[in-house]
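Coordinate analysis (summary)
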Amino acid sequence: MHPYIAQTLETVEKRNHSEPVFLQAVREVITTLEPILAEHPEIEDLNLLERMCEPERQVIFRVVWRGDDGKVRSTRGFRIEFSSVLGPYKGGLRFQPVVNMGVMKFLGFEQVFKNSLTGLNIGGGKGGAEFEPYGKSDDEVMRFCQAFMSELYRHIGEQRDVPAGDMGVGAREIGYLFGQYKRLTNRYEMGVLTGKSVGWGGSLARMEATGYGVVYFTQEMLKTRGESVEGKRVIVSGAGNVATYAMKKLTELGAKVVACSDITGTLYHEDGIDVSVIKHLAEVERKHIRAYCDHHRDATFRLGAKVWNVPCDLAFPCATQNELDGKDAKELIDNGVQLICEGANMPCTPDAMEAFRAAGILFGPAKAANAGGVAVSALEMQQNAGLEQWTFKQVDHELQKIMQRIFSQCTHYAEKYATPTDYAAGANIAGFLRVAQAMISHGLI
Ligand code: GLU
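Attention in this report is confined to the structure presented alongside it.

What counts and what doesn't
Residues numbered from 1 in each chain as written. Predicted model: local features only at pLDDT ≥ 70, side-chain atom pairs only at ≥ 80, totals over all residues. Heavy atoms only, no water. Helix = DSSP H or I, 4+ residues; strand = E, 2+ residues; numbered from the N terminus. Buried < 20%, exposed > 50% of the residue type's maximum accessible area, 1.4 Å probe, protein only. Contact = heavy atoms within 4.5 Å. Salt bridge = Lys/Arg side-chain N within 4 Å of Asp/Glu carboxyl O. Pairing = 2+ DSSP bridges. Axes fitted to C-alpha atoms, helices over the stretch in contact; angles between N-to-C directions. Near = heavy atom within 4 Å. Polar contact = N/O pair within 3.5 Å; in protein donor to acceptor, adjacent residues only side chain to side chain. Areas by Shrake-Rupley, 256 points an atom, 1.4 Å probe, with all protein chains shown as cover. Nonpolar A, V, L, I, M, F, W, Y, C, P; charged D, E, K, R; others polar.

Some remarks on the environment of Ala243
- On the secondary structure map, Ala243 appears in helix H10 (residues 241-252).
- For Ala243, a relative accessible area of 0% corresponds to the buried category.
- Separated by 86 residues in sequence, Ala243 and Gly157 place their C-alpha atoms 30 Å apart.
- Leave out the neighbours within four places in its chain, and Ala243 touches Val236, Ser237, Gly238 and Cys318.

Here it is, written out as C-alpha cells:
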C-alpha cells in the first residue's frame with residue numbers, strides 16, 4: 001500500500017475507531033486511489049485524502065417530543081455537513097432506530113463522491129435520527145418531524161444545506177418538515193428540501209428516480225456484453241422506495257422479478273412480483289411484505305430468510321448497508337448470477353465485493369448506480385429556482401442521460417487506472433478527482 005494511503009488510514013482509524021461502517025467506507029474509497037497518486041502529487045502535497053475524510057461540520061442535537069401514550073421522549077438527531085466544495089450540502093435524512101454517528105458519517109462520505117459523479121453542483125451531507133417510524137401514528141410522525149426541524153432549521157437553507165428523504169423519510173415526512181421550516185423562518189423557501197410532493201414544488205419522477213436510475217445503470221453494464229434485462233430472472237432485496245421502483249422498471253423492460261424482502265423476511269413469487277401490491281403495502285397500508293400473500297395466494301413468504309439463495313441472473317441489493325456478505329456472494333455466484341447492481345448504500349461487504357471481482361461478475365457500485373435519486377433532487381432544486389415544473393418525460397430523459405454519463409465516467413477511469421470493468425474503482429476515482437480539483441481551486445479552507 002502506498003505510504004500516504006497507509007498513513008491516512010491510520011489517522012482516520014485512530015480518530016474514528018468507534019465507527020466501523022464509516023471506516024469501511026473510507027477504506028473502500030481510498031485504497032482504490034493508489035493509481036492516481038503518482039500522476040497527481042498535489043493530492044499528497046495538499047493532504048487532500050485526510051481532508052476529505054473529515055466532515056466540514058457535524059451537528060448532534062436533542063429532539064424532544066411526546067408520543068400518543070403521553071410519554072415524553074428524547075431522541076438523538078444528526079446532520080453531517082461533509083463537503084460543500086461542489087455545492088450546498090446535499091443528502092437525505094434517515095429515520096431508523098439503528099442510526100448513529102458512524103452510520104451518518106459513512107452515508108455522508110459516500111454522498112460526497114456520489115454527488116460529484118452526477119456532474120451537478122451539489123456537495124455532500126447526511127442526517128437523520130434514531131427514530132422508529134414503523135408503527136407510529138401519523139400524528140406522532142408529524143410531532144417528531146416538527147421537533148426535529150425545530151433544531152435543524154438553523155443549519156439548512158437552499159444555498160446552504162438541502163436535506164431530502166432516505167430510509168424512514170418519504171414525501172409525508174418531507175411535508176411535515178417543510179411546514180415546520182416555513183413556520184419557523186416565515187419563508188416559502190421551496191428549494192430547502194427535495195423529495196417534496198408534486199403538488200407543492202416536488203419534481204415528477206423524483207420518487208422513481210433512484211430505482212429507475214439503478215436499472216438504467218444496469219442496462220449500460222449489460223450492453224457491454226451485448227445483453228439486456230429482457231427475459232432475465234431477477235431478485236431484489238428490500239421493499240422500500242428504491243427496491244419498488246427498480247422492480248417496476250425491470251418488470252416494464254421484460255425482466256421477471258421473482259423475490260424481494262424486508263426486515264421480516266423474503267417474499268417469493270415465481271409468476272413475478274406484482275409491484276403495485278408492494279407499493280400499496282408500503283405507501284398506503286404501511287405494512288410488512290408478508291401481507292402480499294393475502295393478495296397473491298401462490299406467493300410464499302419465508303420468515304427471517306435472506307433473499308440471496310434464490311437462483312437468478314441479476315441481483316439488486318436495495319435494502320441496507322452490509323446486507324450481502326461473502327457467504328451470500330458465494331451462493332449467488334454458485335447459482336450463476338451474472339450481474340449485481342447496488343441500489344442501497346454500501347450493501348455489499350468488502351469480501352462480497354472481492355468475490356464478485358474475482359469471479360468476473362458485472363458489479364455496479366452504489367455511489368454510481370444509485371446516484372439517480374440525488375441527481376433528480378438537484379433537478380428539483382433547478383426547477384424550484386426557475387419556478388418551473390418539468391414533465392415526467394423530461395425528468396426521466398435527463399435522468400437517463402445522467403446515468404449514462406456516470407457509467408461512461410466509471411468506464412473511462414476504470415480503463416485508465418484499474419481494469420476495464422472495475423466500475424467500483426472507476427466510480428471512486430472519477431468522484432474523487434472532481435472533488436479534489438475543486439478543493440484545490442478553493443485554497444486551504
Ligand atoms: N438519500 C438519497 C441518497 O442516498 C437521496 C438524497 C437526496 O436526494 O438528497 O442518495
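Focus: the pattern of salt bridges
- Per the stated rule, a full pass over the model turns up 32 salt bridges.
- The residue Arg143 makes a salt bridge to Asp68 at a minimum N-O spacing of 2.8 Å. Within this pair, whereas Arg143 is found in helix H7 (residues 138-152), its partner Asp68 is found in the loop between strand S1 (57-66) and strand S2 (72-83), the two being separated by 75 residues in sequence.
- Owing to a relative accessible area of 26%, Arg143 belongs among the partly exposed residues under this scheme.
- Using a relative accessible area of 46% as the deciding quantity, one classes Asp68 as partly exposed.
- A salt bridge links Glu110 to Lys367; the nearest nitrogen and oxygen atoms lie 3.6 Å apart. Linking Glu110 in helix H6 (residues 101-117) with Lys367 in helix H15 (residues 366-369), this pair joins segments that are 257 residues apart in sequence. Taken as a pair, Glu110 and Lys367 share a single burial class, namely buried.

Side note on the sheet that holds S1
- Within the open sheet, the five strands sit side by side as S1-S2-S4-S3-S5. Their pairing is mixed. A strand with exactly one partner marks an edge of an open sheet, and here the two such strands are S1 and strand S5 (161-165). Within the sheet, the average angular offset between the axes of one strand and its neighbour, ignoring direction, is 20°.
- Note: strand S3 (residues 89-95) against strand S4 (residues 124-129), three bridges, orientation parallel.

Considering the site of the ligand
- Around the ligand, the surrounding shell holds 13 residues, and the nearest of these are Lys90, Lys114, Asp166, Arg206 and Ser377.
- Lys126 places a side-chain nitrogen or oxygen 3.2 Å from an oxygen atom of the ligand.
- Between the ligand and Arg206 there is a distance of 2.9 Å, counted from an oxygen atom to a side-chain nitrogen or oxygen.
- Relative to its unbound accessible area of 290 Å², the ligand is 94% covered by the protein chains.
- Secondary structure elements with two or more residues in the shell around the ligand: S3, H6, S5 and helix H16 (372-385).
- Split into classes, the residues belonging to the shell around the ligand amount to two nonpolar, six polar and five charged.

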